[in-house]
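Structural features, examined
For reference, the chains in residue letters:
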Amino acid sequence: MSSLKEIHDAVVAGNYKDIQELVKDAIDKGKSLDDIINNALSVAMIEVGDKFGSGELYMPDMLLAAKAMKTAMEYIKPLLKGSEHISEKGTLVIGTVKGDLHDIGKNLVITMAEGQGFKVVDLGIDVDYETFVKAIKENSPDIVAFSGLLTTTLANIPEHIKAIEDAGLRDKVVLAVGGAPVTQHFADMYGIEIYAPDASAAAKKFVETVKR
Ligand code: B1M
């Protein structure tokens, strides 16, 4: 079995105990970190979601899969930083929108942005409108990113933007959005400058934005 398939299967099975060993083994066999993240870990989480959606897996399975993914990323994160040329490129404030508790994708975006040399202020999950505003005032970020995984709570994004506008901060930051149900059309609807379908694309767009 290929090492990527083993990692994929371990995440789907929620096998967080062996995951770091499997990742280490794949790296030793020459697999790139990018390959491991995009073609094993992320793909596995999508499969878990599909199986949850179809009733094949249940909530505890999703939690275990999430734990396996996180455990793998704990191993990968320091390697990713070490593999990049680090020079502080800009500041990113990021959080999962109000009402939403998903953070794996957001954390992946953080890992990639840090790997590109960004200082990242992570506001966590279920972030209030005021918390984003306070973080912008305190950190003067170049980019403010919203992560959203639930269709229901994406509806809170216009309120997040309104709070930033009301505080007179809208023209001081570039806004970004991403998450499984988010589209370019959604970003355009609310005048959000950056949409990225995945963490690598997000980091790339962040770098392009601060270069301008
Ligand atoms: Co949730 N959940 N969940 N869940 N969960 C989804 C999202 C769902 C699609 C599953 C399904 O039904 N098929 C569904 C949402 C349906 C919808 O609204 N369209 C769902 C549901 C319904 C729920 C609950 C309501 C279930 C319940 O209680 N009945 C509940 C909600 C809780 C809440 O938030 N209030 C819930 C809970 C959970 C867990 C706690 C069990 C767990 C989260 C654990 C955690 O995050 N710490 C969980 C999980 C694991 C998932 C799935 C299976 C996987 C999400 C994930 O981590 N993906 C998910 C299924 C799916 O998405 N297909 C599902 C891997 C991750 C790497 O991808 O997060 O998409 P993703 O991030 C990507 C991109 O989207 C992008 O880059 C990332 C990396 O490439 N990206 C950005 C993300 N943020 C970005 C920000 C950017 C740019 C790119 O800024 C610029």
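Residues numbered from 1 in each chain as written. Predicted model: local features only at pLDDT ≥ 70, side-chain atom pairs only at ≥ 80, totals over all residues. Heavy atoms only, no water.

**A short note on the site of the ligand**
Note the following rule: When we say a residue is near a molecule or strand, we mean one of its heavy atoms is within 4 Å of it. N or O atoms within 3.5 Å of each other form a polar contact, as long as, within protein, one can give a hydrogen and the other can take it, and as long as residues adjacent in sequence are counted only when both atoms are side-chain atoms. Note on conventions: DSSP H or I runs of at least 4 residues are helices, E runs of at least 2 residues are strands, and numbering of each starts at the N terminus. All residues other than Ala, Val, Leu, Ile, Met, Phe, Trp, Tyr, Cys, Pro, Asp, Glu, Lys and Arg, Gly among them, are scored as polar; the first ten of these are nonpolar and the last four charged. Those domain boundaries reflect an automatic or database domain assignment.
Around the ligand, 35 residues are found, and the nearest of them are Leu-101, His-102, Asp-103, Ser-147 and Thr-151. Taking Leu-101, its main chain carries an N or O atom lying 2.7 Å from an oxygen atom of the ligand. At the level of secondary structure, the elements contributing two or more residues to the shell around the ligand comprise α3 (33-53), α4 (59-82), α5 (104-115), β3 (143-147), β4 (174-178) and α10 (199-211). Top element by residues in the shell around the ligand is α4. It accounts for five residues. Residues that form the shell around the ligand fall into these classes: 22 nonpolar, nine polar and four charged. Among the domains, domain 1 (3-80) and domain 2 (90-211) are the pair contributing at least three residues each to the shell around the ligand.

**What about the packing of helix α6 (residues 129-139) against helix α8 (residues 157-166)?**
What counts here: The axes used here are C-alpha line fits, helices contributing only the stretch in contact, and every angle between their N-to-C directions lies in the interval 0 to 180 degrees. Each angle is binned into one of four classes, with values under 35 degrees roughly parallel, values over 145 roughly antiparallel, values of 65 to 115 roughly perpendicular, and all other values oblique. Left-handed describes a crossing whose near helix is turned anticlockwise from the far helix through less than a right angle; right-handed describes the clockwise counterpart. Residue contacts are defined here by distance: any two heavy atoms, one from each residue, within 4.5 Å place the two residues in contact.
Closest axis-to-axis distance for the α6/α8 pair is 9 Å, and the angle between their directions is 40 degrees. In terms of axis orientation, α6 runs oblique to α8. Note on packing geometry: the crossing formed by α6 with α8 is right-handed. For the pair formed by α6 and α8, the contact residues are Tyr-129, Phe-132, Val-133 and Ile-136 on the first element and Glu-159, His-160, Ala-163 and Ile-164 on the second. Here the contact of α6 with α8 is composed, by residue class, of six nonpolar, one polar and one charged.

**A closer look at the sheet that holds strand β2 (residues 118-122)**
The test is simple: Any two strands with at least two DSSP-identified bridges between them are counted as paired.
Strand order in the open sheet made by the five strands is β2-β1-β3-β4-β5, with parallel pairing throughout. Each having just a single partner strand, β2 and β5 (194-195) make up the two edges of the open sheet. With five bridges connecting them, strand β1 (residues 90-96) and β3 associate as parallel partners. When the bridges of β3 are listed, Leu-92 appears paired with Ile-143. Strand contacts of α8: β3 and β4, with the helix running at about 155 degrees to β3, the strand carrying the most contacts.

**Observations regarding the domain arrangement of the protein**
Many descriptions give the size of an interface as the accessible area lost when the pieces come together. So the rule is basically this: Two parts placed together each lose some accessible area under a 1.4 Å probe, and the buried area is that loss summed for both.
Taken domain by domain, the protein comprises domain 1 (3-80) and domain 2 (90-211). Distance from the C-alpha centre of domain 1 to the C-alpha centre of domain 2: 25 Å. Across the contact, eleven residues belong to domain 1 and nine residues belong to domain 2. Sorting the residues of domain 1 by area buried against domain 2 places Lys-70, Lys-77 and Leu-80 first, and these three jointly supply 49% of that buried surface.

**Description of the pairing of β3**
Filter applied, for reference: Residue exposure (1.4 Å probe, protein chains only): buried if accessible area is under 20% of the type maximum, exposed if over 50%, otherwise partly exposed.
The element β3 is extensively covered by neighbouring structure, given that five of its five residues are classed as buried. The two faces of β3 match: Ile-143, Ala-145 and Ser-147 on one face and Val-144 and Phe-146 on the other face are all buried. The pairing of β3 with β4 spans five bridges and is classified as parallel. For Ser-147, the partnering residue across the bridge sits in β4 and is Gly-178.

**Topic: the environment of Leu-154**
With respect to the helices and strands, Leu-154 occurs in helix α7 (residues 151-154). With a relative accessible area of 5%, Leu-154 lands in the buried category. Placed 27 residues apart in sequence, Leu-154 and Pro-181 show a C-alpha to C-alpha distance of 8.5 Å. If sequence neighbours within four positions are ignored, Leu-154 has contacts with Gly-148, Pro-181, Val-182 and Phe-186.

**Describing the packing of aromatic side chains**
The geometry of two aromatic rings is summed up by the distance between their centres and the angle between their planes. Here is the rule we go by: Aromatic pairs are defined between Phe, Tyr and Trp rings, using the six-membered ring for Trp, whenever the two ring centres lie within 6.5 Å; interplanar angles under 30 degrees are classed as stacked, those over 60 as edge-to-face, and all others as tilted.
Applying the stated rule across the entire model yields three aromatic pairs. Here the aromatic rings of Phe-118 and Phe-206 are separated by 6.0 Å at their centres, their planes lie at 65 degrees, and the arrangement is edge-to-face. Residue Phe-118 is found in strand β2, and its partner Phe-206 is found in helix α10; the two are separated by 88 residues along the sequence. Judged on exposure class, the residue Phe-118 and its partner Phe-206 are both buried.

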